[in-house]
Amino acid sequence: MLSKRVIPCLDVRDGKLTKGVRFQGNVDIGDPVDTARRYYEEGADEIVFYDITASHEGRGIMLRVVEKVAGQIFIPFSVGGGISTLADMRDVLLAGAEKISVNSAAVKRPEIIAEGAAAFGSQCIVVGMDVLRVPRTDAIPSGYEIVIHGGRKRTGMDALWWAKEAEHLGAGELCVNSIDADGTKDGYELTLTRLIADHVRVPVIASGGAGSPQHMVEAVTEGRASAALIASIVHYGNHTIVELKDHMARSGVRVRRVW
């Protein structure tokens, strides 16, 4: 059995670590480079870095900040935000990332997934999915809709259909972020996570809502995720990664431990 991963997420705006609730009201809370180093030392399995306004502002990712973070950590490092071409992907990999996360750009031009997988390998390509719970319709039978541009633009696209399509195009991993749960600390959207995980063969990362160590256990058991993405629960000092992994291990979840 593979170990379940604990993955801190660094949302970055104007070079600063930031956090909001349901993609709104973001507040700057620190330095992403120092924070990444601390999480690496505590035993994080991976680090995710999102330049959260790059797509909305129509600009490239802040490679200088990516390079600084990559120089401080020695675990897998996934980077997303404003990546829309193979050249963008190559630049991010050369800046020190091991994985590339595409979200809005992949919805608008799905071929970027296949192009990236062909050029760099599926293991490099993570498709981020920002998902909103909506009434079921013929167009959105799952009751979950894909939203892009940092939660600003609804697409009318069914999330389950998109997950299967992204896998078919070559995505090596899916990061499923519930907008409804994001930053609330009320727990992951387990129905959504399980729905996606049960219908694809690639690893699924649960994202949005972690407020207690038990929420993370639920994400990888009831939600059937391969990993739990975290932010507020560690950014604000409520728990350390050591504490989170200790609780997961005591609950019978296999995790990588470095202490």
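An unreviewed UniProt entry annotates the protein chain as Imidazole glycerol phosphate synthase subunit HisF of Desulfomicrobium orale DSM 12838. Looking at the protein chain in UniProt, the text filed under Pathway (unreviewed entry) is "Amino-acid biosynthesis; L-histidine biosynthesis; L-histidine from 5-phospho-alpha-D-ribose 1-diphosphate: step 5/9." Under the UniProt heading Subunit (unreviewed entry), the entry covering the protein chain gives this text: "Heterodimer of HisH and HisF."

This next bit is on the pairing of strand β4 (residues 47-51). The element β4 is extensively covered by neighbouring structure, given that five of its five residues are classed as buried. With four bridges joining them, strand β1 (residues 5-13) and β4 adopt parallel strand pairing. Directly across from cysteine 9, in β4, lies its bridge partner valine 48. For β4 and strand β5 (residues 77-80), the ladder comprises four bridges, and the chain directions are parallel. The residue of β5 that forms the bridge with valine 48 is serine 78.

It is possible for side chains of opposite charge to pair when their charged atoms get near one another. Per the stated rule, a full pass over the model turns up 15 salt bridges. A salt bridge links glutamate 173 to arginine 5; the shortest N-O distance between them is 2.6 Å. With a gap of 168 residues between them, glutamate 173 in strand β10 (residues 173-178) and arginine 5 in strand β1 connect regions that are remote in the sequence. Assessed through its relative accessible area of 15%, arginine 5 is described here as buried. Here arginine 256 makes a salt bridge to aspartate 45, at a shortest N to O gap of 2.8 Å. Of the two residues, arginine 256 sits in the segment after α11 (241-250) while aspartate 45 sits in the loop between α1 (32-42) and β4, which places them 211 residues apart along the sequence.

According to the stated counting rule, one finds three aromatic pairs in the structure shown. Seen in terms of ring centroids, tyrosine 40 and phenylalanine 74 are 5.7 Å apart; in terms of plane orientation they differ by 65°. Their pairing is edge-to-face. Note that tyrosine 40 is positioned in helix α1 and phenylalanine 74 in the loop between α3 (63-70) and β5, a separation of 34 residues in sequence. Residue class for phenylalanine 74 comes out exposed when judged on its relative accessible area of 59%.

Here we come to the UniProt feature "active site" (unreviewed entry) in the protein chain. The residues that UniProt annotates with the feature "active site" (unreviewed entry) are Asp11 and Asp130. Over a stretch of 120 residues, the named residues converge on one spot in the fold, their C-alpha atoms separated by at most 13.8 Å. Within the element layout of this structure, aspartate 11 appears in strand β1. Relative accessible area serves as the criterion here: at 15%, aspartate 11 is assigned to the buried category. Sequence-distant contacts of aspartate 11, that is, excluding residues within four places in its chain, are made with Lys16, Leu17, Thr18, Tyr50 and Ile52. Looking at where aspartate 130 falls in the secondary structure, it is placed in strand β7 (residues 125-133). A polar side-chain atom of aspartate 130 sits 3.2 Å from a polar atom in the side chain of asparagine 103.

What counts and what doesn't
Residues numbered from 1 in each chain as written. Predicted model: local features only at pLDDT ≥ 70, side-chain atom pairs only at ≥ 80, totals over all residues. Heavy atoms only, no water. UniProt positions renumbered as here; feature names shortened; annotations may be inferred. Buried < 20%, exposed > 50% of the residue type's maximum accessible area, 1.4 Å probe, protein only. Helix = DSSP H or I, 4+ residues; strand = E, 2+ residues; numbered from the N terminus. Pairing = 2+ DSSP bridges. Salt bridge = Lys/Arg side-chain N within 4 Å of Asp/Glu carboxyl O. Phe/Tyr/Trp six-rings, centres within 6.5 Å; stacked < 30°, edge-to-face > 60°. Contact = heavy atoms within 4.5 Å. Polar contact = N/O pair within 3.5 Å; in protein donor to acceptor, adjacent residues only side chain to side chain.

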